Structures are given as C-alpha cells and as structure tokens.
Amino acid sequence: NQLREKATRLEETNATVIRERRERLVELKRATEEKKEVTRTVEALTSSTGNLCTENKVLRQCLQEKNETILLLDTKLALKGDKKRQAELHFKQQRILALYHAKH
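Read on for a plain summary of the structure.

**With respect to the overall build of the chain**
Now for step 1: Looking only at helices and strands, one finds one helix and zero strands in the chain.
Now for step 2: For 104 residues, the compact-globule formula gives about 13 Å, and the C-alpha radius of gyration of the chain, at 44 Å, lies well above that figure.
Now for step 3: Of all 104 residues assigned to the chain, the portion counted as buried reaches 0%.
Now for step 4: Per element, the accessible surface of the chain, about 10300 Å² overall, is 59% carbon and sulfur.
Now for step 5: Positive and negative side-chain charges in the chain, numbering 23 and 16 respectively, have mean positions lying 11 Å apart.

See below:
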C-alpha cells in the first residue's frame, strides 16, 4: 500500500515535471520566433540604413555639383554685368569726349 502511494506520488511528480517542461519548451519556441523576427527587423533596418547612406552620398554629390554650377553661372552673370557696365561707361565717356570736342 505504501509502495502504491509512493508510486502514485512519483507519477504525479513526473507528470508535473513533464507538464512544466512542455510549457517551458513552448515558451522557448515562442521566444526563439520573437528573436528571429527581431533579427529580421534589425537586418531590414540595417539594409535600409545602408541604402539611405548611399542615397545621401549621391544626393550630397548632386547638390555639390548643382552648387558648383550655380557659382559658375553667378560668375558668368557677374562678368556679363561687368562687360555691360564697362560698355555703358565707355559709351558715356565717348559722349562726353564728343561734347567736349564740339565745344572746343
């Protein structure tokens, strides 16, 4: 009778241990899936970040080229403006000289 009670207690303990291990296994599987999902998310973000860095470099290079073009155009416009101003001053100088010669 004592052996039977002891055997019953051992079976109950064994069943409890098996149940707890199964629950723990389920938890570990869920945690593993969550870890895989986090890993996939991190990999996607890393890839996305790399792409953004590359795009940023390209955009920076493009912006630098545009700025250089703008500076070149500004310089050309300034030179044209100087030439126009120089022509206007030359024209005024010629008119003044013509008026001077006309009076003398």
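**Quick notes on the environment of Cys 53**
Now for step 1: Turning to its location among the elements, Cys 53 is positioned in helix H1 (residues 2-103).
Now for step 2: In this structure Cys 53 comes out as partly exposed when scored by relative accessible area, which is 43%.

**Concerning the pattern of salt bridges**
Now for step 1: Under the definition given, this model contains four salt bridges.
Now for step 2: Where Arg 24 meets Glu 27, a salt bridge forms, and the shortest distance between an N and an O atom there is 3.5 Å. With Arg 24 and Glu 27 both in helix H1 and three residues apart, the pair spans about one turn of that helix.
Now for step 3: In this structure Glu 27 comes out as partly exposed when scored by relative accessible area, which is 38%.
Now for step 4: Residues Glu 37 and Arg 40 are paired through a salt bridge, measuring 2.8 Å at the closest nitrogen-oxygen approach. Taken as a pair, Glu 37 and Arg 40 lie in helix H1 at a separation of three residues, close to a single helical turn.
Now for step 5: Using a relative accessible area of 44% as the deciding quantity, one classes Arg 40 as partly exposed.

**Comments concerning the state of the cysteines**
Now for step 1: Per the counting criterion, the structure on display carries zero disulfides.
Now for step 2: Between Cys 53, a free cysteine, and Cys 62, which holds the nearest cysteine sulfur, the sulfur-to-sulfur gap is 18 Å.
Now for step 3: Classification of Cys 62 by relative accessible area gives partly exposed; the value is 34%.

**Some remarks on the environment of Arg 30**
Now for step 1: Within the secondary structure, Arg 30 is located in helix H1.
Now for step 2: Accessibility expressed as a relative area gives 47% for Arg 30, which makes it partly exposed.
Now for step 3: With 65 residues separating them in the primary sequence, Arg 30 and Arg 95 have C-alpha atoms 95 Å apart.

Calculation criteria
- Residues numbered from 1 in each chain as written.
- Predicted model: local features only at pLDDT ≥ 70, side-chain atom pairs only at ≥ 80, totals over all residues.
- Heavy atoms only, no water.
- Helix = DSSP H or I, 4+ residues; strand = E, 2+ residues; numbered from the N terminus.
- Rg over C-alpha atoms; globule rule 2.2 N^0.38 Å.
- Buried < 20%, exposed > 50% of the residue type's maximum accessible area, 1.4 Å probe, protein only.
- Areas by Shrake-Rupley, 256 points an atom, 1.4 Å probe, with all protein chains shown as cover.
- Lys, Arg positive; Asp, Glu negative; His and termini not counted.
- Charge placed at Lys NZ, Arg CZ, Asp CG, Glu CD.
- Salt bridge = Lys/Arg side-chain N within 4 Å of Asp/Glu carboxyl O.
- Disulfide = S-S within 2.5 Å.

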